[in-house]
Amino acid sequence: MNIVILGAGAWGTALAVTLASRHAVTLWARGADQIASMNAARSNPRYLPGVTLPDHLALSADLPGIVAHAELILVATPSGAFRSVLKQLAALNNRVPVIWVCKGFEAGTMKLPHQVAQEELPDYVARGVLSGPSFAQEVAAGLPAALTLAASDTAALREAGAALHGGRLRVYTSNDVIGVELGGALKNVIAIAAGISDGLHFGHNARAALITRSVAEITRLGVALGGRMETFMGLTGMGDLILTCTGDLSRNRQLGLRLAAGESLEAILGALGHIAEGVTTAREVDRLATTLGVDMPITHAVCRVLYEGVQPRTVVEDLLNRDRKAESSQ
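Basis of the calculations
- Residues numbered from 1 in each chain as written.
- Predicted model: local features only at pLDDT ≥ 70, side-chain atom pairs only at ≥ 80, totals over all residues.
- Heavy atoms only, no water.
- Buried < 20%, exposed > 50% of the residue type's maximum accessible area, 1.4 Å probe, protein only.
- Helix = DSSP H or I, 4+ residues; strand = E, 2+ residues; numbered from the N terminus.
- Pairing = 2+ DSSP bridges.
- UniProt positions renumbered as here; feature names shortened; annotations may be inferred.
- Contact = heavy atoms within 4.5 Å.
- Phe/Tyr/Trp six-rings, centres within 6.5 Å; stacked < 30°, edge-to-face > 60°.
- Lys NZ or Arg CZ within 6 Å of the ring centre and 35° of its normal.
- Salt bridge = Lys/Arg side-chain N within 4 Å of Asp/Glu carboxyl O.
- Domains from an automatic or database assignment.
- Buried area = accessible area lost by both parts, 1.4 Å probe.
- Arc of directions from axis to C-beta.
- Disulfide = S-S within 2.5 Å.
- Lys, Arg positive; Asp, Glu negative; His and termini not counted.
- Axes fitted to C-alpha atoms, helices over the stretch in contact; angles between N-to-C directions.
- Expected span 1.5 Å × (residues − 1).

**Quick look at the pairing of strand β1 (residues 2-6)**
Counting buried positions along β1 gives 4 out of 5 residues, so the element sits mostly inside the fold. The pairing of β1 with strand β6 (residues 72-75) spans 4 bridges and is parallel. Bridge pairing links I5 to L74 in β6.

**Quick notes on the UniProt feature "binding site: sn-glycerol 3-phosphate" (unreviewed entry) in the protein**
Mapped onto this numbering, the UniProt entry annotates "binding site: sn-glycerol 3-phosphate" (unreviewed entry) at K103, G132, S134, K187, D240, S250, R251 and N252. Assignment of secondary structure puts D240 in helix α10 (residues 235-246). Every residue in contact with D240, bar those within four places of it in the chain, is listed here: K103, S131, G132, P133, S134, G184, K187 and L235. By the element assignment, N252 lies in helix α11 (residues 251-260). In this structure, N252 is in contact with N188, A191, I192, A276, E277, G278 and V279, ignoring residues within four places of it in sequence.

**Some thoughts on the packing of aromatic side chains**
Throughout the structure, instances matching the rule amount to 1 aromatic pair. Positioned over the ring face of Y124 is R95, at 4.3 Å from the centre of the ring.

**Description of the UniProt feature "binding site: NADPH" (unreviewed entry) in the protein**
The sites that UniProt annotates as "binding site: NADPH" (unreviewed entry) are W11, R30, Y47, K103, A136, R251, I275 and E277. A stretch of 267 residues holds the annotated residues, and the largest C-alpha distance among them is 22.8 Å, long enough that they do not meet in one place. For R251, the position within the fold is in helix α11. Of the residues examined, R251 reaches a relative accessible area of 34% and is grouped as partly exposed.

**Describing the pattern of salt bridges**
Within the structure shown, the criterion is met by 15 salt bridges. For the salt bridge of R322 with D295, the shortest nitrogen-to-oxygen distance reads 3.3 Å. On the criterion of sequence distance, the pair formed by R322 in the segment after α15 (312-320) and D295 in the loop between α13 (277-292) and α14 (297-307) is long-range, its members being 27 residues apart. The partly exposed category is assigned to R322, whose relative accessible area is 37%. Residue D295 is classed as partly exposed on the basis of its relative accessible area, which comes to 35%. When salt bridges that share partners are traced, they join R83, K87, E106, K111, E119 and E120 into one network.

**Here we look at the domain arrangement of the protein**
Considered domain by domain, the protein is made up of domain 1 (2-175) and domain 2 (178-321). Between the C-alpha centres of domain 1 and domain 2 the distance comes to 25 Å. Across the boundary between the two partners, domain 1 contributes 32 residues, which contact 29 residues of domain 2. Contact between domain 1 and domain 2 buries roughly 2,400 Å² in total, counting both sides, with carbon and sulfur atoms accounting for 67%.

**Structural notes on α15**
Turning to α15, its buried residues are P312, V315 and V316. In a view along the axis of α15, the buried residues occupy a sector of 100 degrees, so they form one face of it. Contacts made by the buried residues of α15 are with α8 (177-199), α11 and α14.

**Focus on unusual backbone geometry**
The phi torsion at R42 lies on the positive side, around 50 degrees, for a residue other than glycine. Its location among the elements puts R42 in the loop between α2 (32-41) and β3 (43-44). The phi dihedral of H201 falls on the positive side, at around 60 degrees, and the residue is not glycine. Tracing the backbone shows H201 in the loop between α8 and α9 (203-225). The class of H201 is exposed, set by a relative accessible area of 71%.

**Focus: the state of the cysteines**
One pass over the full model with this rule turns up 0 disulfides. In this structure C102 is a free cysteine whose sulfur lies 20 Å from that of C303, the closest cysteine sulfur available.

**Structural notes on the side chain of D286**
As for its position among the elements, D286 is in helix α13. It turns out D286 is buried and unbridged, and the closest side chain with the opposite charge, R287, is 8.4 Å from it. Not counting residues up to four positions away in its chain, the partners in contact with D286 are T299, H300 and C303.

**Remarks on the sheet that holds strand β9 (residues 145-150)**
With mixed pairing, the 8 strands of this open sheet are ordered in space as β5-β2-β1-β6-β7-β8-β9-β10. Each having just a single partner strand, β5 (58-60) and β10 (169-174) make up the two edges of the open sheet. Neighbour to neighbour, the strand axes of the sheet diverge by 25 degrees on average, direction disregarded. Against the sheet, helix α4 (residues 79-91) makes contact with β1, β6 and β7 (98-100), and its axis sits at roughly 160 degrees relative to β6, the strand it touches most.

**Comments concerning α9**
With 23 residues, α9 extends 33 Å between its outermost C-alpha atoms, agreeing within 8% with the 33 Å of an ideal straight helix rising 1.5 Å per residue. Considered for burial, the residues of α9 that qualify are R207, L210, I211, S214, V215, A216, E217, I218, T219, R220, L221 and G222. If you follow the buried residues of α9, they end up packed against α8, α10, α11, α13 and α14. Just downstream of α9 lies G226, where phi reads positive at about 110 degrees.

So this is what it looks like as structure tokens:
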């Protein structure tokens, strides 16, 4: 299959590397200079250092040229660039399936990617989301991973799912687009909280409690939006949450660790060199939860640290001092 991957960040590059062993893959970046540099080095040192790009992996900045021959398009841009890329695809009269892998909310709109896609893509374009517990560095190294491909019409993406599944990449299917997207977005927010907890040396017990209560929090919002409870117990819920809250490769967890050490948000984001989706998502989810009347104390606590300048230790103490309640009430 001729697969085009839009976005040469860490995850887009990792998918390109692993899929190129079985398909004709072209990796696109907006900047011609970035493509030229990657072509010369046959690597992506800024976003995925230490990984050699296969000789047969094509690189291009010519969006119209590569879309014209695509059979499947994977959008691997950050959430903030998702709408602009879909606008470009729509202008090119693209008719092949589009699958996105971004995990977050659009800034300022409180919208998940599927809502953006509904506004920008024609109805006849099959679309879905690919998500799950997956660090780019490990996928690019050929280590095993399991993901979920979700679409409201799973039959429309049957061929795409078969193409993505293989080697050491296992792809399950779901029709719960909202649940899959929400789990992938919110785990980044919770990972910031987990990083703060670890950075304050609160221990493994505290981290386990945080992750567990976060599942309840994510599920409350997910069900209110129309997602299914069982999705939040699966790969794109509990699975991605555990990985991102405990793995040292998690950018959002690293951000939390550095916040706990007293660094400013601006300094951390500048030093990371990558986008931490949890920063934007936290504010959008906090607004959405308030609008819907859904209680999300952990997300709100993260927002207080990120946007109100409240000290991390203060918000943790506030969470610990919340009134007792029955666990099953969530």
